[in-house]
Amino acid sequence: MAVVSLKTALLDPTTWPQISDHLDLLLDLDLVEREQWLDGLSVRDPTIAAVLRILLDAPDDVAGLLQSSRLAAIELASSRPE
Amino acid sequence: MPNSELAEIMQAAEMGDPDARDRLFTTLYDELRRMAQRELRRGGMLTLSPTTLLHETFLNVSQRESLAFASYGQFMSYAARAMRGLIMNYIRDRRAQKRGGGFHITSLATEPQAAPEDISTQQVEELNEALQVLEKIDARLAECVDLKFFCGHSFEEIAVLRNVSERTVRRDWEKARLLLNGLIDQED
């Protein structure tokens, strides 16, 4: 796999639109189809394929809280911040 | 600020003027903060829903001399980022004070069987840093997170605000989640 900095790659204005289009396709595929498709893309465009693999394989850690939660309340106590 | 001036800033922001966007952010931030503090003065302890705060602020702003916002959706698209800024600053204030009270946030689990959970301020700080990068990559995705996570809107409500399908909103959310995960993971 090509070594890429995700942040650098995504901030490239020509890269993100391509990634976004690929995600629209990949998110509708099952895991086997997704892997086959990425294998094919790796031959044609290894950098884009590497970025997609990083995104799809990243552990769902901190941002995982987004999946099931949202902020429900802000509690402001009597020691009021000014 | 007279609403006519606010309307001019909004118009410039809509045209892509970055200075106008910054001024609009500051203006809406101040409006939200002022409204939150007004609510605070009403009682010693208050639980304030971000959605309620945004709605009250919209009513307050739109009922002045003239209607500054063409729609609630337009207001929300600008106010969502200001709401995140307000929450992040309350978190920092609380941390700086290093004493009880002040501020804390809770989350709402969207699955009926799951209990509401506490979110650590570090998690929200990491999320905010990743969101600042996401804004530069795709502002629409970052706004989707602001509207859902920081403002408490449902997918259906965001779809109505944006005049798009719920499927489109869910796809934006999924992409935003993937990018945030990837950005946070590479920072570790």
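Rules used in this analysis
Residues numbered from 1 in each chain as written. Chains lettered and ligands numbered in written order. Predicted model: local features only at pLDDT ≥ 70, side-chain atom pairs only at ≥ 80, totals over all residues. Heavy atoms only, no water. Helix = DSSP H or I, 4+ residues; strand = E, 2+ residues; numbered from the N terminus. Buried < 20%, exposed > 50% of the residue type's maximum accessible area, 1.4 Å probe, protein only. Areas by Shrake-Rupley, 256 points an atom, 1.4 Å probe, with all protein chains shown as cover. Salt bridge = Lys/Arg side-chain N within 4 Å of Asp/Glu carboxyl O. Disulfide = S-S within 2.5 Å. Expected span 1.5 Å × (residues − 1). Contact = heavy atoms within 4.5 Å. pLDDT = per-residue confidence, 0-100. 1 Å grid on protein atoms, 1.4 Å probe; cavity = no way out; pocket = protein on both sides within 12 Å on 5 of 7 lines; lining within 4 Å. Points joined across faces, edges and corners; volume = space filled by probe spheres on them. Nonpolar A, V, L, I, M, F, W, Y, C, P; charged D, E, K, R; others polar. Phe/Tyr/Trp six-rings, centres within 6.5 Å; stacked < 30°, edge-to-face > 60°. Lys NZ or Arg CZ within 6 Å of the ring centre and 35° of its normal. Polar contact = N/O pair within 3.5 Å; in protein donor to acceptor, adjacent residues only side chain to side chain.

Engineer: I keep staring at the overall build of chain A and nothing clicks. Help me out?
Structural biologist: When helices and strands are tallied, chain A shows five helices and one strand. Shown N-terminal to C-terminal, the secondary structure of chain A runs as helices and strands in the order α-α-α-α-α-β. Relative to its full complement of 82 residues, chain A shows a buried share of 48%. Accessible area of chain A: about 4100 Å², with a carbon and sulfur share of 53%.

Engineer: Honestly, the pattern of salt bridges in this entry has me stumped. Any pointers?
Structural biologist: Here the idea is simple: oppositely charged side chains can pair when their charged atoms come close. This model, assessed by the stated rule, comprises 15 salt bridges over all chains. Between Arg171(B) and Asp28(A) there is a salt bridge, with its nearest N and O atoms 2.9 Å apart. Of this pair, Arg171(B) sits in helix 8 (residues 166-187) while Asp28(A) sits in the loop between helix 2 (15-26) and helix 3 (31-44), each in a different chain. Ionic pairing is found between Asp172(B) and Arg140(B), a salt bridge with its closest N-O pair at 3.3 Å. Remark: Arg140(B) occurs in helix 6 (residues 139-150) and Asp172(B) occurs in helix 8; sequence separation between them is 32 residues.

Engineer: Can you help me understand the state of the cysteines in this one?
Structural biologist: Each disulfide consists of a covalent bond between the sulfur atoms of two cysteine residues. Residue and element names in this part refer to chain B. Under the criterion given, the structure shown has zero disulfides over all chains. Between Cys151, a cysteine without a disulfide, and Cys144, which holds the nearest cysteine sulfur, the sulfur-to-sulfur distance is 11 Å. The class of Cys151 is buried, set by a relative accessible area of 0%.

Engineer: How should helix 5 (residues 121-137) of chain B be read in this particular structure?
Structural biologist: Structurally, the α-helix is built with 3.6 residues per turn, so residues lying three or four positions apart point the same way. The end-to-end C-alpha distance of helix 5 of chain B, which contains 17 residues, comes to 24 Å, matching closely the 24 Å that a straight helix rising 1.5 Å per residue would cover. For helix 5 of chain B, the full list of buried residues reads Val124(B), Glu125(B), Leu127(B), Asn128(B), Ala130(B), Leu131(B), Val133(B), Leu134(B) and Ile137(B).

Engineer: Explain the environment of Leu11(A) here, please?
Structural biologist: Note that Leu11(A) resides in helix 1 (residues 6-11). Classification of Leu11(A) by relative accessible area gives partly exposed; the value is 35%. Along the backbone, Leu11(A) and Glu33(A) are 22 residues apart, and their C-alpha atoms lie at a distance of 28 Å. If we skip the residues at most four places from it in the chain, Leu11(A) touches Val133(B), Lys136(B) and Ile137(B).

Engineer: What is the right way to read the confidence of the model for chain B from this model?
Structural biologist: Predicted coordinates in areas of low pLDDT are best not read in detail. All names here are of chain B. For chain B, per-residue confidence averages 78 on the pLDDT scale, and residues scoring 70 or more make up 74% of the total. Looking across chain B, the model is least confident in strand 2 (residues 104-109), with a mean pLDDT of 50, and most confident in helix 7 (residues 155-162), with 92. Confidence over residues 99-104 falls short of pLDDT 50; this stretch has 24 contacts with residues more than four positions distant or in other chains. Across residues 111-116, where pLDDT falls below 50, the model places six contacts with residues more than four positions away in sequence or in other chains. Interface predicted TM-score (ipTM) for the complex: 0.82; the corresponding pTM is 0.80.

Engineer: Help me understand the layout of surface pockets in this model?
Structural biologist: Where empty space is left becomes clear once a probe the size of a water molecule has been rolled over the atoms. Residue and element names in this part refer to chain B. Taken as a whole, the largest pocket encloses approximately 390 Å³ of empty space. In this structure, the largest pocket is lined by 15 residues; those nearest its centre are Arg21, Ser77, Arg81, Ala139 and Glu143. Those elements that place two or more of their residues in the lining of the largest pocket are helix 2 (18-40), helix 4 (72-97) and helix 6. Residues that form the lining of the largest pocket fall into these classes: six nonpolar, one polar and eight charged.

Engineer: Got a minute to help me understand the packing of aromatic side chains in this structure?
Structural biologist: Each aromatic ring pair is characterised by the separation of its centres together with the angle its planes make. Residue and element names in this part refer to chain B. Per the counting criterion, the structure on display carries four aromatic pairs over all chains. Aromatic side chains Phe58 and Phe75 sit 5.2 Å apart centroid to centroid with 55° between the ring planes, which places their arrangement in the tilted category. Taken as a pair, Phe58 in helix 3 (residues 50-62) and Phe75 in helix 4 lie far apart in primary sequence, 17 residues in all. In terms of burial, Phe58 and Phe75 fall into one category: buried. When the centroid spacing of 5.8 Å and the interplanar angle of 75° are considered together, the rings of Phe155 and Trp173 count as edge-to-face. With a gap of 18 residues between them, Phe155 in helix 7 and Trp173 in helix 8 connect regions that are remote in the sequence. When its relative accessible area of 12% is taken as the criterion, Phe155 is described as buried. We classify Trp173 as buried; its relative accessible area is 6%. It is Lys148 that lies over the ring of Phe155; its NZ or CZ is 5.0 Å from the centre.

Engineer: Looking at this structure, how should I read the side chain of His153(B)?
Structural biologist: Residues and elements named next belong to chain B. Mapped onto the secondary structure, His153 falls in the loop between helix 6 and helix 7. The exposure class assigned to His153 is buried, which follows from its relative accessible area of 4%. At a separation of 3.4 Å, a polar atom in the side chain of His153 contacts the side chain of Glu157.

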